[in-house]
Structures are given as C-alpha cells and as structure tokens.
Amino acid sequence: KESSFMRMKKSILLSLLAIIALGLGACSNSSNNKQTNGQENSAQKKTSQSSSKTKDIDRLLEEIQTANEKMSSVRQKGDISGSLKTKDGTIQKNQEMTSQVIYKTEKQEVEMANITVKTVENGEENFKELLMPGGKNTPLYTRYNKTGEWDKELYGEGGKYIVNPDYFQLLNGLNKLTEDLALEETDDAYVLTLKNKGADVIGIYEKEFQFNLSQFPKSKYRNELTVKIDKKSKFLKEFKMAVSTSGKKGTLTIKSEISYSDWNLVKKEDIPTISDEKKEQ
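Residues numbered from 1 in each chain as written. Predicted model: local features only at pLDDT ≥ 70, side-chain atom pairs only at ≥ 80, totals over all residues. Heavy atoms only, no water.

Colleague: What am I meant to see in the environment of Asn126 here?
Modeller: In this structure, Asn126 sits in strand E5 (residues 124–132). The exposure class of Asn126 is partly exposed, given its relative accessible area of 36%. Along the sequence, Asn126 and Tyr144 sit 18 residues apart, while their C-alpha atoms lie 7.7 Å from each other. When residues no more than four places from it in sequence are discounted, the contact partners of Asn126 are Val117, Lys118 and Thr119. (Helix = DSSP H or I, 4+ residues; strand = E, 2+ residues; numbered from the N terminus. Buried < 20%, exposed > 50% of the residue type's maximum accessible area, 1.4 Å probe, protein only. Contact = heavy atoms within 4.5 Å.)

Structure representation (structure tokens):
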C-alpha cells in the first residue's frame, strides 16, 4: 500500500508534467485553422522618449513582418525546461528539440517538417521523432527510438501540420507586447527585451509552449524575454523566455531557449522520406 508521502510525491510529479507539457510537433484536422528641449521636466522627457521608443519598435516590427513574408524554411533548435521546488525536493523536466521546417509562404503554415525530441524527466530519458512529409491525406509518422519502426497516422485532405513553438506565432506575439518591450542593437542583431516583467507573456505564448499552469491559479509571474532579430534579413534568430512564480505548492520556473538558422536554405529533399513498404519490413 502506498504511503501518503509517496502519493504526494507522485501527485506533485503528475502536476508538474501537466504544468509543463512542453512543446512538440502535432497535426490538426482543421483546414483553417526626437531631441527634447532643455526646459522639459524629467517626467515629460521620459514620456517623450518612451513614445519615441515605442514608435521605433512598431516600425521595426512592421519591417520584420514584411521581410518574413519571404521566409519559407528554417532550422530550429530548442531547449525547454521546467523545475518545481517544494519542501519535499525538486522535480525537473527538460526537453531538447531539433527540427527543420518548410512553410507554405502564402499562408505561413507548415508544409513539411522533421522533428527530433529528447525529453528527460527526473533522470529518465525518452526519444521521439516526428516526420511530416506532406502529400495526400496529410500523413504523420512517429517513432520512439532512432532505429525503430514508424507509426503512421493519416489526417485527411483537410489536415494541417503544426510545429510548436511555431516560428511565425513567436514573431506575431511581439505585436501584442509593443509597449512592454525595450529595443537595443548589436552589430548583427536587433534585441528586444521585456522592460515590464508583469507583461502577459504567458497569455500570449501559452498555446505555443503548451503550458498548463492550473496548479498555480491567480499567481503573479515574473517574466523575462529576449528576442534577437537578424539585422540583415530581419528573420527571427533567437527567442528566450523565462517565467517563474511561487505559491503554496512550491516554486515553479520554466525556461525556453529557441534558436533559428539556415532561413530559406532547407529544401524539400532535406526532409527524410519513408515508404510504407520499408516501414512494414
């Protein structure tokens, strides 16, 4: 018979896994899816500078949106981790994801993708690979070790591939954070950071990272966000986010680091192909 302590530990673990159901690729059946003068007081200066900065960010985001209308493929690397500290100990989950994704540029929807995910839950490793080759009936292949057999699902003609977190949705979310962002520049990148730690980052990006924070209702979260945009191409280069909170159930921290490269260099022939005949051998 399980002790109450063991049941508590198991409950905490299950809660954490529910809280940080970290991002994976999936399919959906839905087919639609200026200079100030010296006489201004400090408050006026601050307001003027803030307004000017916001306009700069608005202008940059518009340029980014236009440039990314021509972004057709990308390689993605992600490291997402969750940690729950309680009086009984610490529970951790980490997920490393690599993927190469080709988009239908006119719709900014995934056309083809190959995703590899390694998840470590309290020391136990799990592997998962997803292949989205496109084509008739929107097939999805999945396997759970590098040389294992593939499981095949068909999502029909109206099926739509989804890769979470999605490149374009991460960019689109920035438009909802304009007044909460600060802008800096380096030699090769525009860097957007979060100046308002209480901004609703979770509400904006919860779907992309599949967070379920129901175990911490009405909690106040401390949020951090750093986004790097390649200065030359204005394509998304790096997306780092962290959210944390404390409550009766403990201290929860979730961190995500996503990097992108090889924009428009991933070709259809780079996505692995698989025949049903080979699968069935």
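Next comes the rest of the account.
Colleague: Explain unusual backbone geometry here, please?
Modeller: With the exception of glycine, most residues fall at negative phi, and the peptide bonds are largely trans. Look at the link from Asn164 to Pro165: it is a cis peptide, with omega at -5°. Considering the arrangement of structural elements, one finds Pro165 in the loop between strand E8 (160–163) and helix H3 (167–174). Not every positive phi belongs to a glycine, and Gln108 is a case in point at roughly 55°. Looking at the element boundaries, Gln108 is found in the loop between strand E3 (89–104) and strand E4 (109–121). For Gln108, a relative accessible area of 27% puts it in the partly exposed group. For Asn264, which is not glycine, the phi dihedral falls at a positive 65°. Along the chain, Asn264 turns up in the loop between strand E13 (250–261) and helix H5 (276–280). In this structure Asn264 comes out as partly exposed when scored by relative accessible area, which is 24%.

Colleague: Teacher, can you tell me more about the environment of Glu185 here?
Modeller: When you line up the elements, Glu185 lands in strand E9 (residues 181–185). As a C-alpha pair, Glu185 and Ile229 span 44 residues in sequence and 9.6 Å in three-dimensional space. Sequence-distant contacts of Glu185, that is, excluding residues within four places in its chain, are made with Tyr190 and Lys231.

Colleague: Help me out: how do you make sense of the packing of aromatic side chains in this one?
Modeller: Two aromatic rings are characterised by how far apart their centres lie and by the angle between their planes. Applying the stated criterion to the full structure yields seven aromatic pairs. Relative to Trp150, the ring of Tyr141 has its centre 6.3 Å away and its plane inclined at 85°; by these criteria the two rings are edge-to-face. A single burial state applies to Tyr141 and to Trp150, both of which are buried. Here the aromatic rings of Tyr167 and Tyr260 are separated by 5.0 Å at their centres, their planes lie at 90°, and the arrangement is edge-to-face. Highlighted residues: Tyr167 in helix H3 and Tyr260 in strand E13, separated in sequence by 93 residues. With respect to burial, Tyr167 and Tyr260 carry one shared label: buried. Aromatic ring contacts, followed pair by pair, group Tyr103, Tyr167, Phe168 and Tyr260 into a single cluster. The ring of Tyr190 carries Lys231 above its face, with NZ or CZ at 5.5 Å from the centroid. (Phe/Tyr/Trp six-rings, centres within 6.5 Å; stacked < 30°, edge-to-face > 60°. Lys NZ or Arg CZ within 6 Å of the ring centre and 35° of its normal.)

Colleague: Where do I start with helix H4 (residues 201–209) in this structure?
Modeller: Along an α-helix, residues three or four positions apart point the same way, because every turn accommodates 3.6 residues. Along H4, the positions that sit buried rather than exposed are Val201, Ile202, Ile204, Tyr205, Glu208 and Phe209. Around the axis of H4, the buried residues are gathered within 155° of arc, so they sit on the same side. Where the residues of H4 are buried, they touch strand E2 (73–86), H3, strand E10 (189–194), strand E11 (222–230), strand E12 (236–247) and E13. Residue Gln210 follows H4 closely and has a positive phi angle near 55°. (Arc of directions from axis to C-beta.)

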